[in-house]
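# Chains, contacts and geometry: an overview
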Amino acid sequence: MNRSMMQVYVKNSHEALKLYETAFGTTGQIYGTLENGGIEHAEINVCGQTISLMENADEVAVGNNMQFIFDMGKGRENFVQNAYDVLTVDAIKCNVPLGECEYASLMFSLVDKFGINWMIMC
């Protein structure tokens with residue numbers, strides 16, 4: 001089986017997994033746990049894309065040059081609104097607040113409390 005995944009390394013991986021499950025209306029699967037209790041490997045499906053998650057033992061590099069971008073397509077404003085409502089709680093930085101722009105009826109861009117960059121739009 002061939003597939004591709006996007007990998008997220010975070011501190012407090014169990015909390016992060018719960019946040020992303022709520023933000024994207026999905027349920028993750030934990031495949032391994034580290035000796036310190038963190039997640040060794042977990043996966044969630046976000047709109048057909050697999051995001052893999054692992055506990056990061058090192059310092060998190062906030063504001064890196066990588067961003068997860070999901071274009072939900074027309075009519076998915078409720079999905080975008082929910083993701084925004086969940087991910088903005090304790091977010092490090094909101095780059096673009098929720099709103100309309102020239103290429104999307106609703107979108108936002110932020111760095112969540114785990115240091116992960118997101119852009120979600122429809």
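Right above here is the structure, for reference.
Below you will find a few notes about this structure. Predicted, not measured: the structure shown is a model, and the values here were computed from it.

A few words on the packing of aromatic side chains. Going through the model one piece at a time under the given rule, you end up with eight aromatic pairs. Summarising the aromatic geometry, the rings of Y20 and F114 are spaced 6.2 Å apart at their centres and angled 70° between planes, so their arrangement reads as edge-to-face. Of this pair, Y20 sits in helix 1 (residues 13-24) while F114 sits in the loop between strand 7 (104-111) and strand 8 (117-121); the two residues are 94 residues apart in sequence, bridging distant segments of the chain. There is no split in this pair, since Y20 and F114 are both buried.

The subject of this paragraph is the packing of helix 1 against helix 2 (residues 77-87). Their axes nearest at 7 Å, the elements helix 1 and helix 2 cross at an angle of 155°. Between helix 1 and helix 2, the crossing angle belongs to the class labelled roughly antiparallel. Contact residues: L19, Y20, T22, A23 and F24 in helix 1; F79, N82, A83, V86 and L87 in helix 2. Split by residue class, the contact of helix 1 with helix 2 holds eight nonpolar, two polar and no charged.

Ranked by size, the top nonpolar core spans 31 residues in total, and within it Y20, F24, L87, W118 and I120 carry the most contacts. Of all elements in the fold, only strand 1 (5-10), helix 1, strand 3 (39-46), strand 4 (49-55), strand 5 (68-71), helix 2, strand 7 and strand 8 reach the threshold of two or more residues within this core. Setting aside its immediate chain neighbours within four residues, L87 contacts L19, Y20, A23, F24, F108, L110, D112 and W118.

Relative accessible area serves as the criterion here: at 7%, F114 is assigned to the buried category. In sequence terms F114 and A91 are 23 residues apart; their C-alpha atoms lie 7.9 Å from each other.

Glancing now at unusual backbone geometry. Residue N12 is not a glycine yet carries a positive backbone phi of 60°. Its place among the elements puts N12 in the loop between strand 1 and helix 1. Positive phi outside glycine occurs at C47, with the angle close to 55°. Residue placement: C47 occurs in the loop between strand 3 and strand 4.

We now examine the sheet that holds strand 4. One open sheet holds the four strands; their spatial order is 1-4-3-2, and the pairing between them is mixed. In this open sheet, the two edge strands, each paired with only one partner strand, are strand 1 and strand 2 (29-33). For this sheet the average axis-to-axis angle between neighbouring strands, irrespective of direction, equals 20°. Alignment of strand 2 against strand 3, held across four bridges, turns out to be antiparallel.

What follows covers the side chain of S109. Among the secondary structure elements, S109 is positioned in strand 7. One polar contact links S109 to Q67, side chain to side chain, over a distance of 3.1 Å. When residues no more than four places from it in sequence are discounted, the contact partners of S109 are Q67, C94, N95, V96, W118 and M119.

Conventions we followed
- Residues numbered from 1 in each chain as written.
- Predicted model: local features only at pLDDT ≥ 70, side-chain atom pairs only at ≥ 80, totals over all residues.
- Heavy atoms only, no water.
- Phe/Tyr/Trp six-rings, centres within 6.5 Å; stacked < 30°, edge-to-face > 60°.
- Helix = DSSP H or I, 4+ residues; strand = E, 2+ residues; numbered from the N terminus.
- Buried < 20%, exposed > 50% of the residue type's maximum accessible area, 1.4 Å probe, protein only.
- Axes fitted to C-alpha atoms, helices over the stretch in contact; angles between N-to-C directions.
- Parallel < 35°, antiparallel > 145°, perpendicular 65-115°, else oblique.
- Contact = heavy atoms within 4.5 Å.
- Nonpolar A, V, L, I, M, F, W, Y, C, P; charged D, E, K, R; others polar.
- Core = buried A, V, L, I, M, F, W, Y, C linked by side-chain atoms within 4.5 Å.
- Pairing = 2+ DSSP bridges.
- Polar contact = N/O pair within 3.5 Å; in protein donor to acceptor, adjacent residues only side chain to side chain.

The quantities given are spatial measurements derived from coordinates; they are silent on function.
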